[in-house]
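If you want the building blocks of each chain, they are given just below.
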Amino acid sequence: MKLYSTNNKDLRVSFKEAVFNSMPQDKGLYMPVEIPQLDPAFIENIEQYTLPEIAYQVASALLKDEIPADDLQSLIADAINFEAPAVKLDDKTFVLELFHGPSLAFKDFGARFMSRVMAYFLKDGEQLLDVLVATSGDTGGAVALGFLGVPNTRVTILYPEGKVSPIQELQLTTNGENIRAIEVKGTFDDCQALVKQAFADAELNARFRLTSANSINISRLIPQTFYYFNTYAQLKKQGHNAVVFSVPSGNFGNIGAGLLAYKLGLPVKQFIAATNVNDTVPRFLATGNYETKPSTQTYSNAMDVGAPSNWVRIMDLFNQDVEALKKVVTAYRFTDEETLAGIKAIDNQFNYVACPHTAIAYLAVEKYRQENPTDESAAVFLSTAHACKFPDIFPADIAVKIEIPEQVTALESKPKQADQLGVDFEGFKAYLLKG
Ligand SMILES: *Cc1c(COP(=O)(O)O)cnc(C)c1O
């Protein structure tokens, strides 16, 4: 698989280079030059395959020239070692639970696959790999747990002080070993800006082998396509052929992967991009003006993104054709008040506790159905995290229903280890140069 930059269609780099560099010098994003079509016979019979088998078929269509079949198969078995069930709520409504990995969020798919791809490419004696990652909460936990103990790697996580939940903070700060956490006095956008500046800094690049673990890394995008195919398989098994996916979106990596799956040949009737009031994309699809803005803090804090980094990828997937894009992608935004009402509605109707991000995806399904009363498709809303990661949001009568998984209780006895920094790049750079 060769990749180009969204800022330079003529650039060509290898998959390995894109994995380790994350972002081209021109600050575009890497995208595959060619998007292969999966064998229609595979799609036709997809309900006969398991998640790891589906993952292998999809990954090998993209990566067969990069990673030999046996290695790719065992890499997938190691990375995707948990389930992604599409839980049926009613005849036509499913919640896709993507939170059964170690950090209890869908980002485990990307982070675990990426860490193992990097470890695969790291040859003995190569320079220590320094992973820099900005997180609004879930990325950091997934990356920390994905890389924990992976030889020849070190992870530095930046997170906004006071803006991640206690469980998220535990996942970021209790690891030790090759993982260090920095608590930044600022927002997620500040954290992301610091990381982006570090990647653009010549001195830091000369000194360290820097790589990113944000959703911009192409090796995180690929494994996120797996569960779209797998969900389609689960629904097809139950007699559904037309499927709508509603994706709670922040940096638009998750829905970007869904759209990549669509371009690889997955039949999807419609994608719904569901956002909170950080609604750059819904506004763009409504007005044609792409206007980023500083992020606003909401209950669904993993989606508090004013400038979604993966949007350029999605535009490229559709060759900048906004009308073509709008045929496949609908976007809605919801306030915190609506989010809370959504959580209560899901609890009332289905006796199901959804995290705030998940609730927004559900609300978007409802809205889509109101606006498209003749569309009989089954609707799947993606549950991107376990509700226990956001304990403060829930009314008491719903909060008591949340079960805390073992992954979390194991961390509670461990001490917090984090360094504090401001939002100035010089301070961050000095921190990194200290080693
Ligand atoms: C990261 C995250 C999102 C947003 O995903 P993007 O790929 O950035 O759009 C939504 N929900 C949760 C729980 C997340 O952690």
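- An unreviewed UniProt entry annotates the protein chain as Threonine synthase originating from Pedobacter zeae.
- Looking at the Catalytic activity (unreviewed entry) heading of the UniProt record, one finds this comment for the protein chain: "O-phospho-L-homoserine + H2O = L-threonine + phosphate".
- As stated in UniProt under Sequence similarities (unreviewed entry), the record for the protein chain gives "Belongs to the threonine synthase family."

## Things to note about the UniProt feature "modified residue: N6-(pyridoxal phosphate)lysine" (unreviewed entry) in the protein chain
Move 1: Following the UniProt record, the feature "modified residue: N6-(pyridoxal phosphate)lysine" (unreviewed entry) maps to Lys107 here.
Move 2: Among the secondary structure elements, Lys107 is positioned in helix α5 (residues 107–121).
Move 3: Given a relative accessible area of 11%, Lys107 falls into the buried group.
Move 4: Lys107 has contacts with Asp138, Thr139, Ala142 and Arg220, leaving out every residue within four places of it along the chain.

## A closer look at the side chain of Asp304
Move 1: Locating Asp304 in the fold gives a position in the loop between α12 (280–287) and α13 (311–317).
Move 2: At a separation of 2.9 Å, a polar atom in the side chain of Asp304 contacts the side chain of Asn276.
Move 3: Of note is the side chain of Asp304, whose polar atom sits 3.4 Å from the side chain of Asn278.
Move 4: With near-sequence residues (within four places) excluded, Asp304 lies in contact with Phe188, Asp189, Asn276, Asn278, Ser295, Thr296, Gln297 and Thr298.

## Some remarks on the environment of Gly146
Move 1: Tracing the chain through its elements places Gly146 in helix α6 (residues 138–147).
Move 2: As a C-alpha pair, Gly146 and Thr358 span 212 residues in sequence and 23 Å in three-dimensional space.
Move 3: Other than its neighbours up to four places away in sequence, Gly146 contacts Arg112, Ser115 and Arg116.

## Topic: the site of the ligand
Move 1: Taken together, 15 residues sit near the ligand, with Lys107, Asp138, Gly250, Asn251 and Thr384 positioned nearest.
Move 2: Taking Lys107, its side chain carries an N or O atom lying 2.5 Å from an oxygen atom of the ligand.
Move 3: Here an oxygen atom of the ligand and a backbone polar atom of Phe252 are 2.8 Å apart.
Move 4: In the complex, 98% of the free accessible area of the ligand, which totals 380 Å², lies under the protein chains.
Move 5: Each residue belonging to the shell around the ligand can be placed in one class, and the counts come to 6 nonpolar, 7 polar and 2 charged.

## Points about the packing of aromatic side chains
Move 1: Tallied over the entire structure, the rule returns 17 aromatic pairs.
Move 2: Ring plane angle 65° and centroid distance 5.4 Å describe the contact between Tyr120 and Phe121, whose orientation is recorded as edge-to-face.
Move 3: Using a relative accessible area of 30% as the deciding quantity, one classes Tyr120 as partly exposed.
Move 4: Taking relative accessible area as the criterion, Phe121 reaches 7% and is therefore assigned buried.
Move 5: Here Phe284 and Trp311 contribute two aromatic rings whose centre-to-centre distance is 6.0 Å and whose plane-to-plane angle is 80°, an arrangement assigned as edge-to-face. Pair noted here: Phe284 is in helix α12 and Trp311 is in helix α13, with a separation of 27 residues, a long-range link. There is no split in this pair, since Phe284 and Trp311 are both buried.
Move 6: Through a chain of ring-to-ring contacts, three or more aromatic side chains come together here, namely Phe82, Phe109, Tyr227, Tyr228, Phe245, Tyr262 and Phe271.

## Some remarks on the sheet that holds strand β3 (residues 30–32)
Move 1: Taking strand neighbours across the sheet as the criterion, the 3 strands line up as β2-β1-β3 in an open arrangement whose pairing is antiparallel. Looking along the sheet, the strands with just one partner apiece sit at the ends: β2 (8–14) and β3. Looking at each pair of strands side by side, their axes are set apart by 40° on average, direction ignored.
Move 2: Strand direction decides the pairing type here: strand β1 (residues 2–5) and β2, joined by 3 bridges, are antiparallel.

## Description of α6
Move 1: For α6, the buried fraction is high: 9 of the 10 residues fall into the buried class.
Move 2: Restricting attention to buried positions, one finds in α6 the residues Asp138, Thr139, Gly140, Gly141, Ala142, Val143, Ala144, Gly146 and Phe147.
Move 3: Of the residues flanking the end of α6, it is Gly149, one or two places downstream, whose phi is positive at about 80°.

Reading guide: rules and limits
Residues numbered from 1 in each chain as written. Predicted model: local features only at pLDDT ≥ 70, side-chain atom pairs only at ≥ 80, totals over all residues. Heavy atoms only, no water. UniProt positions renumbered as here; feature names shortened; annotations may be inferred. Helix = DSSP H or I, 4+ residues; strand = E, 2+ residues; numbered from the N terminus. Buried < 20%, exposed > 50% of the residue type's maximum accessible area, 1.4 Å probe, protein only. Contact = heavy atoms within 4.5 Å. Polar contact = N/O pair within 3.5 Å; in protein donor to acceptor, adjacent residues only side chain to side chain. Near = heavy atom within 4 Å. Areas by Shrake-Rupley, 256 points an atom, 1.4 Å probe, with all protein chains shown as cover. Nonpolar A, V, L, I, M, F, W, Y, C, P; charged D, E, K, R; others polar. Phe/Tyr/Trp six-rings, centres within 6.5 Å; stacked < 30°, edge-to-face > 60°. Pairing = 2+ DSSP bridges. Axes fitted to C-alpha atoms, helices over the stretch in contact; angles between N-to-C directions.

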